[in-house]
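# Coordinate inspection notes
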Amino acid sequence: QVQLVESGGGLVQAGGSLRLSCTASTNIFSTHVMGWYRQAPGKQRELVASITSAGNTIVEDSVKGRFTISRDNAKNTVYLQMNSLKPEDTAVYYCNAYWRLVSKWGQGTQVTVSS
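We now turn to the structure provided with this report. (Residues numbered from 1 in each chain as written. Predicted model: local features only at pLDDT ≥ 70, side-chain atom pairs only at ≥ 80, totals over all residues. Heavy atoms only, no water.)

### Re the packing of aromatic side chains
Inspection of the entire model under this criterion finds two aromatic pairs. Consider the rings of Tyr 94 and Trp 105, whose centres lie 6.3 Å apart with planes at 90°: the pair is edge-to-face. One end of the pair, Tyr 94, is in strand β9 (residues 91–99); the other, Trp 105, is in strand β10 (residues 102–105), with eleven residues separating them in the sequence. Assessed through its relative accessible area of 14%, Tyr 94 is described here as buried. Pairwise contacts between aromatic rings join Tyr 37, Tyr 94 and Trp 105 into one cluster. The ring of Tyr 94 carries the charged tip of Arg 45 above its face, separated from the ring centre by 3.7 Å. Geometry around Trp 105 places Arg 45 over its ring, the cationic atom sitting 4.5 Å from the centre. (Phe/Tyr/Trp six-rings, centres within 6.5 Å; stacked < 30°, edge-to-face > 60°. Helix = DSSP H or I, 4+ residues; strand = E, 2+ residues; numbered from the N terminus. Buried < 20%, exposed > 50% of the residue type's maximum accessible area, 1.4 Å probe, protein only. Lys NZ or Arg CZ within 6 Å of the ring centre and 35° of its normal.)

### Let's talk about the pattern of salt bridges
Going through the model one piece at a time under the given rule, you end up with four salt bridges. Notably, a salt bridge pairs Arg 38 with Asp 89, separated by 2.9 Å at the nearest N-O pair. Taken together, the positions of Arg 38 in strand β4 (residues 33–39) and Asp 89 in the loop between β8 (77–82) and β9 put the pair 51 residues apart, joining distant regions of the chain. For Arg 38, a relative accessible area of 6% puts it in the buried group. (Salt bridge = Lys/Arg side-chain N within 4 Å of Asp/Glu carboxyl O.)

### Some words on the environment of Val 63
Of note, Val 63 is situated in the loop between β6 (57–59) and β7 (67–72). Val 63 gets classed as buried once you look at its relative accessible area, which sits at 0%. Taking the C-alpha atoms as reference, Val 63 lies 9.0 Å from Leu 85; in sequence the two are 22 residues apart. Contacts of Val 63, omitting those with residues within four sequence positions, involve Arg 38, Val 48 and Asp 89. (Contact = heavy atoms within 4.5 Å.)

### Topic: the environment of Asn 73
Here Asn 73 is to be found in the loop between β7 and β8. Since its relative accessible area comes to 41%, Asn 73 is described here as partly exposed. For the pair Asn 73 and Tyr 94, spaced 21 residues apart in sequence, the C-alpha separation works out to 19 Å.

Written as structure tokens, this is what we have:
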């Protein structure tokens, strides 16, 4: 069963940047939709960005123009580049792999943006 390991979270000042990484234990990018979700305290988990096996991307409106999702097939890694961070981006960010109604989650990585 595929395992997802996130890294790259941390504390950053508003306006700063972070890059999150999610490495899969096996090569799944040819089949799975990979996504980044986030969950702030007291709020529901929400989709931030996703990338299909064909490389098509979706970015949620509130982060469009600031966040970019990409992947490196050779490294089995998907990235979330986050620029111009805002305090409202503070959340736990989760990597997700989805295929044929099966969803796999990483453990999450905390992103905190100070004002």
